[in-house]
Amino acid sequence: MLPVERSERFDLTRSKQPPFLRLPLPSARVLAVFYLLALFIPLVLAAFRRVAPSHSWELAGAGVGLALLVAIAVQFVTSGRFGVVSGRLGIDKIMAFHKVAAWWVLLGLMLHPVFYVLPTLLEDPELGMKRLVAYHILPHYRSGVIALAALALLVIGSALRERLPVSYETWRASHVVLAVIVAVAGLHHALTVGRFSALGAINVWWWGIAAALGVVIGVLYGWRWMWLHLRPWRLQSVTKLADRTWELDIQPGRGTPDLSYEAGQFVWMTVGKRRFPLFDHPFSIAGIPSRKGISLIIKEAGDFTSQVRSLVPDTLIGIDGPYGEFSLKNHPGKAVLLVAGGAGIGPIIGLLRELVARRDPRPVRLAYAVGKPSNLACLDEIEAAKAVLDLKTMLISETGAEEFAGEVGRFDQARIARLLAGLEPGETVAMMCGPGPMVVAVSDMLFDHGLPMKRIVYERFDYSAGSSSRQDRKRFRQFIAVGAAVSAGIAGFVALLS
């Protein structure tokens, strides 16, 4: 496809704006405030309940249970499937918070019974241990133990996912089942055992949380399942772009409206009769909004992606999306740096195609790094884009070949300096997609070259252990600050009732 080609399915004048008015998306700070308010509501309601006097440590145990049970419920909407939550943050940030929050919820709820017996442990360790054991074996507390055990399996299993001998889809199914068990058993424990939750407004609150979770699960796995079948898409073609890399042209089926999206966003895709949310996989859109249908560039890297080459035209496809904020509209700059690593070429070529379609006058620089030259995709299209854009490119392969005219090695400081030559770092936006270690390394190097952190935008298609950029660490500190605010709220609840 030539960058400025016009055809029946490529019309630069056609708009894909949705027929309804989109509400403004909340910022990260607004979402953090809403998160804290949600966790503090049960503490406020509990503060107005009259219960038997308790030791401050017991109150701490109650406060931890009240606040973190809401945090469990919130985890269902921080999974990257709700645009109102992740619209301004992007999938990278919202999933990072999802993982960090899961660990502090697990730690807090492991301490929940310990806080209740701590006064006894301090006075009589033997009796305190007996009470602690009783909390874990007596039938009265069984739902709480089930919730805690399921939560531990869920969090630890997620951390070890890449090492587990199970498919992605099996892991996804177990993740959902365990999450539902945690929520249902946790709510049952609060309603049947919690001294604050048995009656009054807080009891109504928990029933409201249960109803809200029912709606969320119904939307995720009921409504979306129905929508995937009522609004089917069809595979138009599968084209080989490079070694184990394919481009799928997917068109709306009869009665299915075209997709309104921004170049760089992603969708969840299912295939054939398995059009159910548990079987979907995320892929970035490589097409542009003015072209009918969507294009996905997929590299074979697992059980599902290895089947892409075998798909035949007219195969039914389920498309759920778009999601994410990885777009030039959301991240303006006077110059654009595009960085792709391996399979990360998908959204990057989508952004390049959008720049070409607009005949964007800004300076554009493109770095494309792969393991070997045969992995490079879309080379003719990238070269043709130079006739339309102020575009300079750098092709990099870790290993060379006789016919390869690009650079051999890695995308290092010297290469970044050459690529950014003549650009004002403070006015340049870098859009990057690739494997975790590469994204982390290049993000830090761009920061060293003067690009502001807010203008270094990336999405990773893996989260390798130990991959943490300075931007990630800053984000982690912000998440910890939210956790500290939760702890402060619990401490305030204890002080008020002591």
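The model shown is predicted, which means the values in this text are computed figures rather than measured ones. (Residues numbered from 1 in each chain as written. Predicted model: local features only at pLDDT ≥ 70, side-chain atom pairs only at ≥ 80, totals over all residues. Heavy atoms only, no water.)

(A) Summary view of the overall build of the chain. A count of helices and strands for the chain gives 13 helices and 12 strands. A globule of 498 residues ought to have a C-alpha radius of gyration of about 23 Å, and the chain, at 26 Å, matches this closely. Once the C-alpha set of the chain is aligned to its principal axes, its extents read approximately 80 × 50 × 45 Å. By the burial criterion, 52% of the 498 residues in the chain qualify as buried. A fraction of 74% describes how many contacts in the chain between residues 6 or more apart in sequence connect residues 24 or more apart. Carbon and sulfur atoms make up 63% of the accessible area of the chain, which amounts to about 23,600 Å² in all. Across the chain, the mean location of the 53 positive side-chain charges is 6 Å away from that of the 39 negative side-chain charges. (Helix = DSSP H or I, 4+ residues; strand = E, 2+ residues; numbered from the N terminus. Rg over C-alpha atoms; globule rule 2.2 N^0.38 Å. Buried < 20%, exposed > 50% of the residue type's maximum accessible area, 1.4 Å probe, protein only. Contact = heavy atoms within 4.5 Å. Areas by Shrake-Rupley, 256 points an atom, 1.4 Å probe, with all protein chains shown as cover. Lys, Arg positive; Asp, Glu negative; His and termini not counted. Charge placed at Lys NZ, Arg CZ, Asp CG, Glu CD.)

(B) Spatial organisation of the pairing of strand β11 (residues 428–434). Counting buried positions along β11 gives 7 out of 7 residues, so the element sits mostly inside the fold. Alignment of strand β7 (residues 335–341) against β11, held across 6 bridges, turns out to be parallel. Its bridge partner lying in β11, Leu 338 is registered against Met 431. Across 5 bridges, the pairing between β11 and strand β12 (residues 456–460) is parallel. The residue of β12 that forms the bridge with Cys 433 is Glu 459. Note on the crossover from β11 through helix α12 (residues 436–448) to β12: the handedness is right-handed. (Pairing = 2+ DSSP bridges. Right-handed = clockwise from strand over helix to strand, strands pointing away.)

(C) Examining the confidence of the model for the chain more closely. Here the chain averages 88 in pLDDT, and 92% of its residues register 70 or above. When the criterion is pLDDT under 50, residues 1–22 qualifies, and its contacts beyond four places in sequence or with other chains add up to 41 contacts. (pLDDT = per-residue confidence, 0-100.)

(D) Examining the sheet that holds strand β6 (residues 316–323) more closely. On the basis of which strands lie adjacent, the open sheet formed by 6 strands has the order β4-β3-β6-β1-β2-β5 and antiparallel pairing. The sheet is open, and its two edges are formed by β4 (281–284) and β5 (294–299), each paired on a single side. Neighbouring strand axes in the sheet, compared pairwise and without regard to direction, differ in orientation by 40° on average. Here strand β2 (residues 245–252) runs beside β5; their pairing, made up of 6 bridges, is antiparallel. Looking at the pairing, Trp 246 lines up with Ile 298 of β5. (Axes fitted to C-alpha atoms, helices over the stretch in contact; angles between N-to-C directions.)

(E) Up close: a nonpolar patch on the surface. On the surface, Trp 103, Ile 156, Leu 160, Leu 164 and Val 166 cluster together into a nonpolar patch covering about 410 Å² of accessible area. With respect to the helices and strands, Leu 160 occurs in the loop between α6 (142–159) and α7 (168–193). Relative accessible area serves as the criterion here: at 35%, Leu 160 is assigned to the partly exposed category. (Patch = residues over 30% accessible without salt bridge, like charges linked within 9 Å, V, L, I, M, F, W, Y side chains within 5 Å. Salt bridge = Lys/Arg side-chain N within 4 Å of Asp/Glu carboxyl O.)

(F) Region of interest: empty space enclosed by the protein. For the structure shown, the criterion picks out 2 cavities of 30 Å³ or more. Taken as a whole, the largest cavity holds about 50 Å³ of empty space. Residue lining of the largest cavity: 11 residues in total, with Asp 92, Lys 93, Val 457, Tyr 458 and Arg 475 positioned closest to the centre. Listed by contribution, the elements that provide at least two residues to the lining of the largest cavity are α4 (90–123), β12 and α13 (470–497). With 4 residues, β12 is the single largest residue contributor to the lining of the largest cavity. Taken together, the residues of the lining of the largest cavity sort by class into 4 nonpolar, 2 polar and 5 charged. Space inside the second largest cavity adds up to approximately 30 Å³. In this structure, the second largest cavity is lined by Thr 245, Lys 299, Gly 342, Ala 343, Ile 345, Tyr 368, Asn 375 and Ala 377. Looking at the lining of the second largest cavity residue by residue, the class counts come to 4 nonpolar, 3 polar and 1 charged. (1 Å grid on protein atoms, 1.4 Å probe; cavity = no way out; pocket = protein on both sides within 12 Å on 5 of 7 lines; lining within 4 Å. Points joined across faces, edges and corners; volume = space filled by probe spheres on them. Nonpolar A, V, L, I, M, F, W, Y, C, P; charged D, E, K, R; others polar.)

(G) Looking closely at the sheet that holds β12. Read from one edge to the other, the open sheet built from 6 strands follows the order β10-β9-β8-β7-β11-β12, with strand pairing classed as parallel. Unpaired on one side and paired on the other, β10 (407–408) and β12 mark the two borders of the sheet. Pairing analysis gives 8 bridges linking strand β8 (residues 363–370) to strand β9 (residues 390–397), with the strands arranged parallel. Each bridged residue has a counterpart across the sheet, and for Val 364 the counterpart in β9 is Leu 391. Across the sheet, helix α11 (residues 413–420) lies against β7, β8, β9 and β10, angled at about 165° from β9, the strand it touches most.

(H) Representation of the nonpolar core in the model. By size, the foremost hydrophobic cluster in this structure holds 66 residues, and its most contacted members are Tyr 35, Leu 66, Trp 104, Val 105, Leu 109 and Trp 206. Counting residues per element, this core draws most heavily on α4, at 15 residues. Of all hydrophobic cores here, the second largest spans 33 residues; its members include Ile 297, Leu 355, Met 431 and Cys 433. (Core = buried A, V, L, I, M, F, W, Y, C linked by side-chain atoms within 4.5 Å.)

(I) Region of interest: the environment of Ala 38. Tracing the backbone shows Ala 38 in helix α1 (residues 28–47). Separated by 32 residues in sequence, Ala 38 and Val 70 place their C-alpha atoms 6.9 Å apart.

(J) How the structure looks around the packing of α12 against α13. As a packed pair, α12 and α13 sit with axes 8 Å apart at the nearest point and diverge in direction by 95°. When the axis of α12 is compared with that of α13, the two are roughly perpendicular. The residues of α13 that touch α12, namely those facing Val 440, Ser 443, Asp 444, Phe 447 and Asp 448, are Arg 470, Gln 471, Asp 472 and Arg 473. Classifying every residue of the contact of α12 with α13 by side-chain character gives 2 nonpolar, 2 polar and 5 charged. (Parallel < 35°, antiparallel > 145°, perpendicular 65-115°, else oblique.)

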